[in-house]
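Chain and residue survey
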Amino acid sequence: MQAVIDYLKQNEDRFVDELCDYVRFSSVSAQPERREDVRACAEWLLKRCLQIGLEARLCLTGGHPIILAKTPAAAPKGTRRPRFMVYGHYDVQPPEPFDLWTTPPFQPRIEGRSLFARGASDNKGQHLAHLNAVEAYLKTGTPLPCDLTFVIEGEEEVGSKSLAGFLKEHHQELHCDAVVVSDTGMPSKEQPALTYALRGIAALEITLHGPSRDLHSGIFGGSVDNPAMALAQLLAQLRDKNGRIAIPGLYDDVQPLSKFERKEFARLPLNEKSYRKFLGVPQLFGEKGWTFLEQRAARPTLEINGLTSGYQGEGSKTIVPSWAKAKLTLRLVPDQDPAKIIKLVKAHLKKICPPTVKLEVKSGHGAEPYLVEPTGAQAQAALRALKTAFQRKPVLMREGGSIPIVNDFKKILGVETLLLGLALPDDNAHSPNEKFDLDCYANGQLMSAYLWQELSTDTKP
Ligand code: BES
Ligand code: ZN
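This section reports on the structure supplied with the text. Each chain carries its own residue numbering, running from 1 in the direction its sequence is written. Chains and ligands are labelled by the order in which they are written, letters from A for the one and numbers from 1 for the other. In keeping with the predicted nature of the model, local features appear solely for residues at pLDDT of at least 70, side-chain atom pairs appear and are counted solely at 80 or more, and the whole-chain, interface and lining totals rest on all residues. Working from all heavy atoms in the structure, the side-chain values ignore hydrogens and water.

1. Examining the overall build of the protein chain
Looking only at helices and strands, the protein chain has 13 helices and 18 strands in total. Every radius of gyration here is taken over C-alpha atoms, with the globule rule written as 2.2 Å times N^0.38, N being the number of residues. Over its C-alpha atoms the protein chain spans a radius of gyration of 24 Å, differing by no more than 12% from the 23 Å that the globule rule assigns to 461 residues. Contacts are residue-level and defined by heavy atoms, with any inter-residue pair within 4.5 Å sufficient. Once local pairs closer than 6 in sequence are excluded, the contacts in the protein chain between residues at least 24 apart make up 80%. The charge count treats Lys and Arg as positive and Asp and Glu as negative. His and the chain ends do not count. By convention, charge coordinates are those of NZ in Lys, CZ in Arg, CG in Asp, or CD in Glu. Put simply, the protein chain has 57 plus and 55 minus side-chain charges, and the middle of one group is 4 Å from the middle of the other. Counting from the N terminus, the helices are the DSSP runs of H or I reaching at least four residues and the strands are the DSSP runs of E reaching at least two.

And the structure:
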């Protein structure tokens with residue numbers, strides 16, 4: 001094991017260079033014009049897996065390719081040993097708006113211990129840490145106590161459309177004892193974390209259609225409804241003055257937070273004032289009766305992600321726009337079901353939409369919330385690995401983000417997921433100037449190296 005740790009240390013600079021190469025690909029899954037960049041990124045990763053000594057292939061699904069890589073078979077024939085799967089995603093969120101980046105998003109820049117680039121933290125740096133740890137085992141000839149399968153996909157940021165089908169199709173080959181995902185966060189460099197719950201998500205797009213074309217607002221304004229105004233009024237009715245979502249039935253399936261969990265939330269070392277400052281808002285806002293930590297991780301929300309209508313160019317244009325559009329997502333908590341929630345939202349919108357405009361609602365991707373008790377043997381093993389690698393006691397957290405596929409790991413492969421994130425709160429995921437902390441990268445590699453030892457002693461295949 002010491003050889004593995006030494007190897008990781010000796011190769012630290014090269015691992016940073018490799019992460020720089022990896023983030024140069026603009027693998028934005030949401031933008032069709034980047035399709036070739038996404039593909040090139042997958043090819044780079046495939047090559048990297050092969051160099052490490054993994055048996056790897058690119059799996060085509062019709063969407064962006066999935067990388068499937070495995071450690072070479074090492075157990076004597078006829079014997080079984082534990083197998084774990086590492087999941088990650090090489091696709092990234094759109095980098096726009098470009099002008100808010102200090103340096104271009106796909107040209108990595110290192111400043112102090114931060115590596116700036118789109119995808120550095122979410123998620124390229126985090127799963128590369130796991131690959132580097134395996135490289136250390138394979139290149140030093142240190143026997144791994146388990147077999148490993150890597151599944152790195154290219155569609156996580158757009159809802160993992162192809163992956164569930166892939167899991168079903170290959171479920172025998174993908175058999176494993178647990179999945180490990182580093183795609184969540186930790187409260188600070190000094191606090192490694194095991195995340196035991198994620199929120200789910202339900203996405204939809206609303207369009208209000210008004211006149212058949214943009215109209216002169218002087219000639220026609222006042223006699224016809226303005227779809228942008230109607231949409232603003234419609235959306236404003238979706239939350240009440242207490243910050244609750246004003247859609248009948250929406251909270252029906254929400255599991256109450258236990259006293260124990262509320263106590264754990266209160267122990268997290270984040271205070272309201274510094275959080276407010278960090279976000280640059282004059283005052284926080286959230287559902288009354290819950291702390292901001294609970295609001296952002298354990299309560300449902302409805303967000304407007306995008307709002308479009310009328311003239312967006314410079315100067316003014318006096319029109320009544322023909323249409324107005326809003327992109328919405330709801331974050332869901334156990335036991336809310338995305339399909340049921342979409343139905344409730346659609347029914348409510350239909351009910352409150354004025355007769356002066358035509359309502360169109362398209363539902364988008366959805367994912368169920370995830371919750372796993374952090375008391376099992378595997379969770380305990382993961383906590384030990386975190387502690388050894390970071391030299392600090394880990395914390396248990398719920399997180400507000402979503403990783404759509406983790407529920408399918410449970411449903412299709414029958415296994416739980418250990419969420420061992422390496423992102424810091426100021427990593428700017430999905431924002432301009434995303435960065436990854438190089439200490440988290442190095443400690444993440446150590447954590448991965450220890451994890452296979454800890455997990456294998458506690459898992460009966
Ligand atoms: N890494 C995030 C998920 C995440 C972030 C979980 C922080 C917990 C804490 C992931 O890449 C992501 O952004 N997921 C999307 C999924 C969506 C597009 C379906 C999300 O949460 O918005
Ligand atoms: Zn993301």
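2. Re the site of ligand 1
Taken together, 16 residues lie around ligand 1, and Asp 122, Glu 156, Asp 183, Arg 331 and His 430 are the ones closest in. A distance of 2.8 Å separates an oxygen atom of ligand 1 from a polar atom in the side chain of Glu 156. Ser 402 places a main-chain nitrogen or oxygen 2.8 Å from a nitrogen atom of ligand 1. All accessible-area figures derive from a Shrake-Rupley calculation using a 1.4 Å probe, and residue coverage is judged against the displayed protein chains alone. Its free accessible area being 510 Å², ligand 1 has 86% of it covered by the protein chains. Note on terminology: near, applied to a residue and a molecule or strand, indicates that one of the residue's heavy atoms is within 4 Å of it. Under this definition, polar contacts are N or O atom pairs within 3.5 Å; protein pairs additionally need one hydrogen-donor-capable and one acceptor-capable atom, and for neighbouring residues in sequence, both atoms have to be side-chain atoms.

3. Describing the packing of aromatic side chains
Each Phe, Tyr or Trp ring, with Trp reduced to its six-membered ring, pairs with another whose centre is within 6.5 Å; inter-plane angles below 30 degrees give stacked pairs, above 60 give edge-to-face pairs, and intermediate values give tilted ones. Per the stated rule, a full pass over the model turns up six aromatic pairs. When the centroid spacing of 4.6 Å and the interplanar angle of 20° are considered together, the rings of Tyr 22 and Trp 44 count as stacked. Of this pair, Tyr 22 sits in helix H2 (residues 12-23) while Trp 44 sits in helix H3 (residues 35-52), and the two are 22 residues apart along the sequence. With respect to burial, Tyr 22 and Trp 44 carry one shared label: buried. Considering the side-chain rings of Phe 436 and Tyr 441, the 5.9 Å spacing of their centres and the 65° angle between planes classify their relative orientation as edge-to-face. Buried, partly exposed and exposed residues are distinguished by accessible area as a fraction of the type maximum, computed with a 1.4 Å probe on protein chains only: under 20%, between the cut-offs, and over 50%, respectively. You can call Tyr 441 buried: its relative accessible area is 2%. Criterion for a charge above a ring: Arg CZ or Lys NZ at most 6 Å from the ring centre, at most 35 degrees from the ring normal. Across the ring face of Phe 116, the terminal group of Arg 109 is positioned such that the distance to the ring centre comes to 4.3 Å.

4. Here we look at the packing of helix H4 (residues 120-140) against helix H13 (residues 438-458)
Think of each axis as a best-fit line through the C-alpha atoms, taken over the contacting stretch in the case of a helix, with angles from 0 to 180 degrees between the N-to-C directions. Taken N-terminus to C-terminus, the directions of H4 and H13 make an angle of 55°; their axes are 8 Å apart at the nearest point. With respect to H13, the axis of H4 lies oblique. The way H4 lies across H13 gives a crossing that is right-handed. Where H4 approaches H13, its residues Gly 125, Leu 128, Ala 129, His 130, Asn 132, Ala 133 and Tyr 137 are matched on the opposing element by Tyr 441, Gly 444, Gln 445, Met 447, Ser 448, Ala 449, Trp 452 and Gln 453. Along the lines of polarity and charge, the residues of the contact of H4 with H13 split into eight nonpolar, seven polar and no charged. Here is the rule for angles: anything less than 35 degrees is roughly parallel, anything more than 145 is roughly antiparallel, 65 through 115 is roughly perpendicular, and the remaining ranges are oblique. The hand of a helix crossing depends on one turn: near helix anticlockwise from the far one by less than a right angle means left-handed, and clockwise means right-handed. Residues are grouped as follows: Ala, Val, Leu, Ile, Met, Phe, Trp, Tyr, Cys and Pro are nonpolar; Asp, Glu, Lys and Arg are charged; every other residue, Gly included, is polar.

5. Thoughts on the pattern of salt bridges
One speaks of a salt bridge when a side-chain nitrogen belonging to Lys or Arg is within 4 Å of a carboxyl oxygen belonging to Asp or Glu. Taken as a whole, this structure holds 29 salt bridges when the rule is applied. Across the pair Glu 416 and Lys 410 runs a salt bridge, and its minimum N-O distance is 2.7 Å. Judged by relative accessible area, which is 25%, Glu 416 ranks as partly exposed. The exposure class assigned to Lys 410 is partly exposed, which follows from its relative accessible area of 37%. Because the salt bridges share partners, they merge into one network encompassing Lys 9, Glu 12, Arg 113, Lys 189, Asp 437 and Asp 439.

6. Observations concerning the sheet that holds strand E11 (residues 301-309)
At least two DSSP bridges between two strands are needed for those strands to be called paired. An order of E11-E13-E9-E14 is seen for the four strands of this open sheet, with the pairing classed as antiparallel. Whereas interior strands pair on both sides, the edge strands pair on one side only; in this sheet they are E11 and strand E14 (358-367). Each strand axis lies, on average, 15° off the axis of its neighbour in the sheet, ignoring direction. Sheet topology places strand E9 (residues 200-209) next to strand E13 (residues 323-332); ten bridges connect them, and they run antiparallel. Within the sheet, the bridge partner assigned to Glu 205 lies in E13 and is Lys 327. On top of the sheet, helix H6 (residues 227-236) reaches E9, E11 and E13; it is set at about 20° to E13, its chief contact.

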